[in-house]
Amino acid sequence: HTATRKYDPVKYKTPTGDQLHCKGWIQEAALRMLLNNLDPQVAERPDDLIVYGGRGKAARNFEALDLIIKGLKDLENDETLLIQSGKPVGILKTHPDTPRILISNSQLVPRWATWEHFDELEKKGLMMYGQMTAGSWIYIGSQGIVQGTYETYAAAAHKHFGGTLKGTLNVTAGLGGMGGAQPLAITMNEGVALIAEVEKWRIEKRLETKYLDLLMEDIDEAIDRALAAKQKGEVLSIGVCCNAVTLLERLIERKVIPDTLTDQTSAHDPLIGYWPHTISYEQAKVLREQNPKQYTDLAYDSMCRHVELMLQLQQLGAITFDYGNNIRARAQERGLQNAFDFPGFVPAYIRPLFCEGKGPFRWAALSGDPADIAVTDQVISEMFPGNKSLQRWLKLAKEKIAFQGLPARICWLGQGEREKAGLAFNELVRTGKVKAPIVIGRDHLDTGSVASPNRETEAMMDGSDAVADWPLLNALVNTAGGASWVSLHHGGGVGMGYSIHAGMVIVADGTEAAAARLSRVLRNDPGMGVIRHADAGYDTAKETAAEHGLDIRTRLN
Ligand code: NAD
């Protein structure tokens with residue numbers, strides 16, 4: 001149902017500077033972040049309103065986009081705009097401390113929560129897939145995921161290679177919106193990355209934004225170059241233009257065993273996100289349009305083969321993990337019994353961070369001026385001098401991250417830290433040390449905001465992987481606390497039927513009222529994660545709760 005209209009770079013240009021186009025800074029922030037999500041420097045396919053992650057969109061169609069923009073401009077400071085799967089549906093009277101926007105994306109009653117039913121609704125123009133930060137207007141380009149990916153590879157380096165990926169070969173696939181962060185995250189950890197990507201334009205995009213070092217077309221040459229780099233301990237990333245299955249088959253034929261192996265193709269969405277290896281790219285594009293069922297069938301075959309090859313390489317010694325795209329479930333749906341024999345990245349590397357309330361905290365400078373981010377970087381660096389990995393990240397990010405759209409920064413911060421940072425940013429705005437308000441948010445892949453049994457909540461200690469009360473409570477608590485906009489989504493990361501998750505964004509506009517809201521929201525939001533993990537039995541979470549005075553009521557002591 002995507003309209004025939006195209007993205008208009010003049011009409012939809014993100015406003016910058018300190019002048020308002022709306023009736024308050026919260027509405028203005030939402031307007032700028034919505035348009036920033038669609039900025040061609042940020043979005044993967046702005047003509048289709050697709051931001052990242054298969055078909056993760058910011059608005060249902062161009063008419064809905066125009067209506068949202070108008071709604072945000074009309075919106076008073078005691079009203080709330082309601083967004084239903086990418087389309088505005090009404091403005092209701094609320095009060096100044098409530099969210100200005102409430103968003104619900106892709107929610108389906110569980111029995112109907114399949115891609116087939118979603119596709120029908122999407123065709124009728126009744127639904128939109130919001131992914132995570134696409135439909136909740138806080139995507140900041142590949143940087144958003146770089147630190148998470150960096151942390152994952154750092155944790156792997158720590159666990160398996162003495163703290164660095166130097167001299168290791170790291171194989172993966174997919175250089176899309178999120179997957180595009182992989183080469184940089186690997187080279188930041190001093191390793192060699194060899195990454196299969198079917199679409200040449202994606203590889204070129206990563207070269208332009210400096211996330212990737214080399215584009216190669218010949219598989220054998222790419223493998224040779226990667227091996228030579230590994231041998232010399234050279235830091236290098238190579239995007240090889242081929243199907244992931246073809247690359248893995250060739251590695252096995254040549255008996256080249258990667259040190260680490262994962263995948264970030266959009267396997268969560270077999271129709272839009274995954275290229276089958278048995279037909280050419282050109283044929284696949286035609287088939288997808290003309291016979292979606294047959295396309296999906298071929299994609300499933302390929303995903304099954306892909307996981308088989310990953311399992312084989314794991315047997316041969318590659319440290320293999322799923323990177324949150326649900327490819328193991330796709331292979332299992334196709335009959336591969338042992339698809340889950342390699343772990344997901346959360347239980348393997350990330351859960352200990354979640355237990356401390358840590359997650360992908362991020363912010364953007366609404367002024368559009370990179371100097372504002374430099375000021376915030378400085379503040380964060382001075383605020384947490386003892387946090388070595390944060391200091392290392394900030395230094396690397398400043399050197400290596402090219403901003404896309406509004407200048408932004410991401411830092412994994414935990415309980416206590418986020419509140420401190422938010423209040424400090426509000427002070428920067430109040431005292432005029434930055435030129436306009438700062439907008440603060442996070443990914444839905446966070447400590448207390450998601451139920452996703454094949455990803456964030458895989459293998460929970462108490463078996464509560466599929467319990468989705470937590471993200472619902474998270475959205476409610478952030479609404480109660482006065483976040484600027486709150487969103488509740490279904491299907492992000494892993495596809496329809498596999499996840500429920502919530503997002504929140506809060507604006508630091510330098511006012512006292514904002515300080516009170518920031519304090520509440522940035523304490524409660526990670527606090528939900530700490531409570532969720534403490535309830536599941538994780539000791540680190542219980543310790544974090546005690547340290548930060550979180551009033552946990554799950555057991556009588
Ligand atoms: P995207 O749709 O923007 O990019 C996917 C890329 O994979 C495309 O460039 C596509 O050409 C390529 N691709 C598809 N099939 C391929 C194949 N067989 N061989 C080689 N390349 C192939 O998606 P994205 O935003 O990069 O996200 C990728 C996946 O990672 C999604 O499933 C997403 O849900 C998941 N994800 C994981 C995390 C995490 O932290 N682990 C975070 C966000 C997204």
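Below is a short write-up of the structure. Remember, it's a predicted structure, so these values are computed and weren't measured experimentally.

This part covers the overall build of the chain. On a plain count of helices and strands, the chain comes out with 18 helices and 17 strands. Relative to a compact globule of 557 residues, whose C-alpha radius of gyration would be 24 Å, the chain shows 22 Å and is just as compact. Dimensions of the chain, computed from C-alpha atoms along their principal axes, come out at roughly 65 × 55 × 50 Å. The buried share among the 557 residues of the chain stands at 62%. Here the chain contributes 61 positively and 68 negatively charged side chains, and the mean placements of these two sets differ by 2 Å.

Right, let's get into the site of the ligand. Looking at the ligand, there are 33 residues lining it, with Gly54, Glu197, Ser266, His268 and Gly493 nearest. In the model, an oxygen atom of the ligand is placed 2.5 Å from a nitrogen or oxygen of the Glu197 side chain. Within the contact set of the ligand, an oxygen atom lies 2.8 Å away from a side-chain nitrogen or oxygen of Ser266. Taken by itself the ligand offers 870 Å² of open surface, and the protein chains cover 98% of this. Tallied by class, residues from the shell around the ligand come to 12 nonpolar, 16 polar and five charged.

In this sheet, strand E4 (residues 87-93) lies alongside strand E3 (residues 79-84) in antiparallel orientation, the contact comprising six bridges. Opposite Leu82, over in E4, you have Gly90 as the bridge partner. In sequence, E3 turns back onto E4 through a hairpin of two residues, with Ser85 there showing a positive phi of about 40°.

Working definition: an aromatic ring pair is given by the centre-to-centre distance plus the angle between the planes. Per the counting criterion, the structure on display carries 16 aromatic pairs. Taking 6.5 Å as the distance between ring centres and 55° as the angle between the ring planes, the aromatic pair formed by Trp137 and Trp485 counts as tilted. Taken together, the residues Trp137 in the loop between helix H3 (115-123) and helix H4 (143-160) and Trp485 in strand E16 (residues 485-490) connect sequence positions 348 residues apart. In terms of burial, Trp137 and Trp485 fall into one category: buried. Look at Tyr153 and Phe321: their rings are 6.1 Å apart centre to centre, the planes differ by 65°, and that puts the pair in the edge-to-face class. Pair noted here: Tyr153 is in helix H4 and Phe321 is in the loop between strand E11 (319-320) and helix H11 (327-333), with a separation of 168 residues, a long-range link. Grouping residues by exposure puts Tyr153 and Phe321 together as buried. In this structure an aromatic cluster arises from ring pairing among Tyr153, Phe321, Tyr323, Phe345 and Tyr349.

Two faces belong to every sheet, and in a regular strand the side chains alternate between them. Most of strand E17 (residues 500-508) sits inside the fold, with eight of its nine residues counted as buried. The pairing of strand E14 (residues 438-442) with E17 spans four bridges and is antiparallel. Of the residues in E17, the one forming a bridge with Ile440 is Ile506. Bridging between strand E15 (residues 450-451) and E17 involves two bridges; their strand directions are antiparallel. The partner of Val450 across the bridge, within E17, is His501. With six bridges connecting them, E16 and E17 associate as antiparallel partners. Bridge assignment links His490 to a residue of E17, and that residue is Ile500.

Attention now moves to the environment of Glu199. Relative to the helices and strands, Glu199 is located in the loop between strand E7 (192-197) and helix H6 (200-208). You can call Glu199 buried: its relative accessible area is 7%. On a C-alpha basis, the gap between Glu199 and Arg392 in space is 33 Å, while along the polypeptide they are 193 residues apart. In this view, Glu199 contacts Trp275 and Tyr281; residues no more than four positions away in its chain are not counted. In this structure the side chain of Glu199 is engaged in a polar contact, spanning 3.2 Å, whose partner is the side chain of Trp201. Side chain to side chain, Glu199 and Arg202 meet in a polar contact 2.9 Å long.

Ranked by internal contacts, the top residues of the largest apolar core, which has 111 residues, are Met33, Ile101, Trp137, Ile380, Ile440 and Trp485. If one sorts the elements of this core by residue count, helix H1 (residues 25-38) sits on top with nine residues.

It is worth spelling out the sheet that holds strand E10 (residues 260-261) at this point. Strand order in this open sheet of six strands is E8-E9-E7-E6-E10-E11, and the pairing throughout is parallel. Only two strands of the sheet have a single neighbouring strand rather than two, namely strand E8 (214-216) and E11.

Quick look at the pattern of salt bridges now. Scanning all chains against the criterion turns up 44 salt bridges. The salt bridge involving Arg250 is made with Glu253; its shortest N-O contact spans 2.7 Å. In this pair, Arg250 and Glu253 both sit in helix H8 (residues 244-253), three residues apart, roughly one turn of the helix. A relative accessible area of 27% means that Arg250 is categorised as partly exposed. One salt bridge in this structure joins Glu356 and Lys358, with 3.3 Å as the shortest N-O distance. Linked through salt bridges whose partners overlap, the residues forming this network are Glu44, Glu199, Arg202, Lys205 and Arg206.

Definitions and limits used
- Residues numbered from 1 in each chain as written.
- Predicted model: local features only at pLDDT ≥ 70, side-chain atom pairs only at ≥ 80, totals over all residues.
- Heavy atoms only, no water.
- Helix = DSSP H or I, 4+ residues; strand = E, 2+ residues; numbered from the N terminus.
- Rg over C-alpha atoms; globule rule 2.2 N^0.38 Å.
- Buried < 20%, exposed > 50% of the residue type's maximum accessible area, 1.4 Å probe, protein only.
- Lys, Arg positive; Asp, Glu negative; His and termini not counted.
- Charge placed at Lys NZ, Arg CZ, Asp CG, Glu CD.
- Near = heavy atom within 4 Å.
- Polar contact = N/O pair within 3.5 Å; in protein donor to acceptor, adjacent residues only side chain to side chain.
- Areas by Shrake-Rupley, 256 points an atom, 1.4 Å probe, with all protein chains shown as cover.
- Nonpolar A, V, L, I, M, F, W, Y, C, P; charged D, E, K, R; others polar.
- Pairing = 2+ DSSP bridges.
- Phe/Tyr/Trp six-rings, centres within 6.5 Å; stacked < 30°, edge-to-face > 60°.
- Contact = heavy atoms within 4.5 Å.
- Core = buried A, V, L, I, M, F, W, Y, C linked by side-chain atoms within 4.5 Å.
- Salt bridge = Lys/Arg side-chain N within 4 Å of Asp/Glu carboxyl O.

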